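Observations on the model geometry
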Amino acid sequence: MNWEITNFTPLSALAGGLLIGIAAVLLMFGNGRIAGISGMFHGLLRRERQLWQGLFLTGLIVAAGTVHILRTDLGLPATPVRDNFPLAALLVAGFLVGFGTRLGAGCTSGHGVCGIGRRAWRSIIATIMFMSTAILTTYVCYHLLEIF
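What this report covers is the structure whose coordinates are included nearby. (Residues numbered from 1 in each chain as written. Predicted model: local features only at pLDDT ≥ 70, side-chain atom pairs only at ≥ 80, totals over all residues. Heavy atoms only, no water.)

1. Some details on the side chain of Thr-101
Tracing the sequence through the fold places Thr-101 in helix H4 (residues 87-103). Relative accessible area serves as the criterion here: at 13%, Thr-101 is assigned to the buried category. Those residues in contact with Thr-101 that lie beyond four places of it in its chain are Ser-38, Gly-106 and Cys-107. (Helix = DSSP H or I, 4+ residues; strand = E, 2+ residues; numbered from the N terminus. Buried < 20%, exposed > 50% of the residue type's maximum accessible area, 1.4 Å probe, protein only. Contact = heavy atoms within 4.5 Å.)

Written out as structure tokens, the structure reads:
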């Protein structure tokens, strides 16, 4: 398979980044909490439920679903669909991401968006590790093993 970038949309990427940043700032100033999605999800699983966690996570799902449904009305390009993606690969990837977020004490949203914004060295190092691992994994899977 040859996966190429065929639809570069910097304006929608900028808008998405701004919305993520605004949401993170509002949560920090309004509730004194960091918008770390894995931490919120983990808190819900451990029954440390708080209303703000459930509302924030629900908002992410509803907003993503709404944009997906209205994307053509909003002038956004069609979302590419990857057919025949191996279910086993998805399950392994999901497990590894969950394991990594616990091992790294946070996810890309907590470390990458909020931690770097606070100039936390721990988050800067964690984000460098996230990105390095993602680049290496993509290279190995796509170019060396040719499984995607």
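There is more to say, and it comes next.
2. Some words on helix H5 (residues 108-117)
Taken together, the buried positions of H5 are Ser-109, Gly-110, His-111, Cys-114 and Gly-115. Buried residues along H5 sit in contact with helix H1 (10-31), helix H2 (37-45) and helix H6 (121-144). Just past H5, the residue Arg-119 takes up positive phi, approximately 60°.

3. Some remarks on the packing of H5 against H6
Helix packing for two helices is described by the angle between their axes and how far apart those axes are. Contact geometry of H5 with H6 gives a least axis separation of 8 Å together with a crossing angle of 130°. As judged from the angle between their axes, H5 and H6 are oblique. For the pair H5 and H6, the sense of crossing is left-handed. Across from Thr-108, His-111, Gly-112, Gly-115 and Ile-116 in H5, the residues of H6 making contact are Arg-122, Ser-123, Ile-124, Ala-126, Thr-127 and Phe-130. Considered class by class, the residues forming the contact of H5 with H6 number four nonpolar, six polar and one charged. (Axes fitted to C-alpha atoms, helices over the stretch in contact; angles between N-to-C directions. Parallel < 35°, antiparallel > 145°, perpendicular 65-115°, else oblique. Left-handed = near helix turned anticlockwise from the far one by under 90°. Nonpolar A, V, L, I, M, F, W, Y, C, P; charged D, E, K, R; others polar.)

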